[in-house]
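# A structural walkthrough
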Amino acid sequence: MKKNLSLAAVFFVFLAMGFGDAAGQLVSVVEKAFHISPFMASFVSFAGMIMFGVLSVPTGVWQSKTGKKKMLVIGLILFLLGAILPIMAFNFPVILMAVLLMGAGATILQVSGNPLIRDVSPEGKYSSMLSFAQSLKAIGTLSTSLILVLIGTSLMKYGWFSFTPEGSAETVDIGFRILFPIFGAVLLVTLILVLLFVPNQAEAEAGKPTTFGECLKALGNPYILMMFLGIFFYCGAEASMFNRIPSILIENNPGITPALGNIVLIIALFVGRFLGGVCLRHIKPTVFLVLTILVSIIGNVLLFLPYNAFTTWLSFILIGIGFANIFPLIFSICVDRMPEKTNEISGLMTTAIVGAAIVPLITGAAANVAPKYAFYVTLACLLYLGFVALKNQNSVKTA
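Structure report, in brief. Quantities reported herein were computed from a predicted structural model and do not represent experimental measurements.

### Regarding the pattern of salt bridges
Per the stated rule, a full pass over the model turns up 1 salt bridge. Measuring nitrogen to oxygen at the nearest pair gives 3.8 Å for the salt bridge that ties Glu-238 to Arg-273. Here Glu-238, found in helix H9 (residues 222-252), pairs with Arg-273, found in helix H10 (residues 259-279); they are 35 residues apart in sequence, far enough to count as distant. Relative accessible area serves as the criterion here: at 11%, Glu-238 is assigned to the buried category.

### Re the packing of H9 against helix H15 (residues 355-369)
How two helices pack is summed up by the angle between their axes together with the distance between the axes. Two numbers describe how H9 lies on H15: the axes approach to 7 Å, and their chain directions differ by 50 degrees. Considered as vectors, H9 and H15 are oriented oblique to each other. Considering the relative orientation of H9 and H15, their crossing is right-handed. Across the interface between the two elements, Phe-232, Cys-235, Gly-236, Ala-237, Ala-239, Ser-240, Asn-243 and Arg-244 from H9 touch Gly-355, Ala-356, Ile-358, Val-359, Pro-360, Thr-363, Gly-364 and Ala-367 from H15.

### Here's the deal with H9
Its 31 residues give H9 an end-to-end C-alpha distance of 44 Å, which sits within 8% of 45 Å, the value for a rise of 1.5 Å per residue. Judged by how many residues are buried, H9 sits mostly within the fold: 23 of 31 residues are covered. Its side-chain oxygen placed 2.9 Å from the backbone nitrogen of Tyr-223, Asn-221 serves as the N-cap of H9.

### Here's the deal with the nonpolar core
One finds Phe-183, Leu-187, Met-227 and Phe-323 to be the most contacted residues of the largest nonpolar core, which totals 110 residues. For this core, the element with the most residues is H9, which contributes 16 residues. Excluding residues within four positions of it along the chain, Phe-183 makes contact with Phe-19, Ala-22, Ala-83, Met-102 and Thr-144.

Analysis parameters
- Residues numbered from 1 in each chain as written.
- Predicted model: local features only at pLDDT ≥ 70, side-chain atom pairs only at ≥ 80, totals over all residues.
- Heavy atoms only, no water.
- Salt bridge = Lys/Arg side-chain N within 4 Å of Asp/Glu carboxyl O.
- Helix = DSSP H or I, 4+ residues; strand = E, 2+ residues; numbered from the N terminus.
- Buried < 20%, exposed > 50% of the residue type's maximum accessible area, 1.4 Å probe, protein only.
- Axes fitted to C-alpha atoms, helices over the stretch in contact; angles between N-to-C directions.
- Parallel < 35°, antiparallel > 145°, perpendicular 65-115°, else oblique.
- Left-handed = near helix turned anticlockwise from the far one by under 90°.
- Contact = heavy atoms within 4.5 Å.
- Expected span 1.5 Å × (residues − 1).
- Polar contact = N/O pair within 3.5 Å; in protein donor to acceptor, adjacent residues only side chain to side chain.
- Core = buried A, V, L, I, M, F, W, Y, C linked by side-chain atoms within 4.5 Å.

This is the structure:
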């Protein structure tokens, strides 16, 4: 019973991780609410993801000394502080600071949570269990869009709430305002569950504690570097899709809710991760990685076609399903290949999520020239991922 409660607490952590993806979804909302350019709005995504580049390796080092539970608690506290800030004040600088703190919390949760799933997984089922856990993360991500679109719109429709941000004469969807209190409530519950039911992992860490130098040395390994760049470009492509997909709908359907595209994308991510957890019980992770990236590339290519409702929505679905399992597959394949370097790999792979801060700046600049130019950048990222997938598959064949 206690083991089941521990697993439930860890799954709640993954649900909370999904809130960290709010940064990408808020770009178009913040752009409209505070009357700023697409490039300036992209700094919301940058603020949310830059901490992955700053904190991941130090977290991996610290975690090897203190254990995963303590790091989870620290991450949840930082996340909770970020959710509280916009309740106290609501303007663009505060939103940036809040997203920065939430990004710091999400970073620590990723570094600690992903390897913790391996500790509780049956032998040989790490990839499958991580995909299931990531599907819960997708639910957390989906909840952001649902709050923005469904809850907020309903409350304003009945005149229950209205809000005018500082420096703006335009009333913002109340969903934007209530987003953070809801995050805070769920994060508080998750923190309590972790404190009560997740055992202290410090004594379970094998070998001597990891050092910063050992993490950098691990990055010098050509295989780890290849997988690191895979996570970097995947996260950059995913964040760019969340940033730019609403612009497709705004451009071609002025009356449609822009976040609807993100909702479809997130639902496809959830379905893809859930099905991935099932499929990975029967298909080798390296084979599944090749298939899922192929689906992603097809979805990206469809975005280059002249606008058509069917092909556009189909592309959103294919991108979501294709993107769904890339992160857990690359992460778990790398850890399973070098389990003795779990802490180093966890820190480095989570650092690579900083791609979600850097690549969207490139796609945002490209979109300033022409909206569809952004998707040439995401296609380049996916082609590199195809290279990573084929290299892993070939290494299995020759092993």
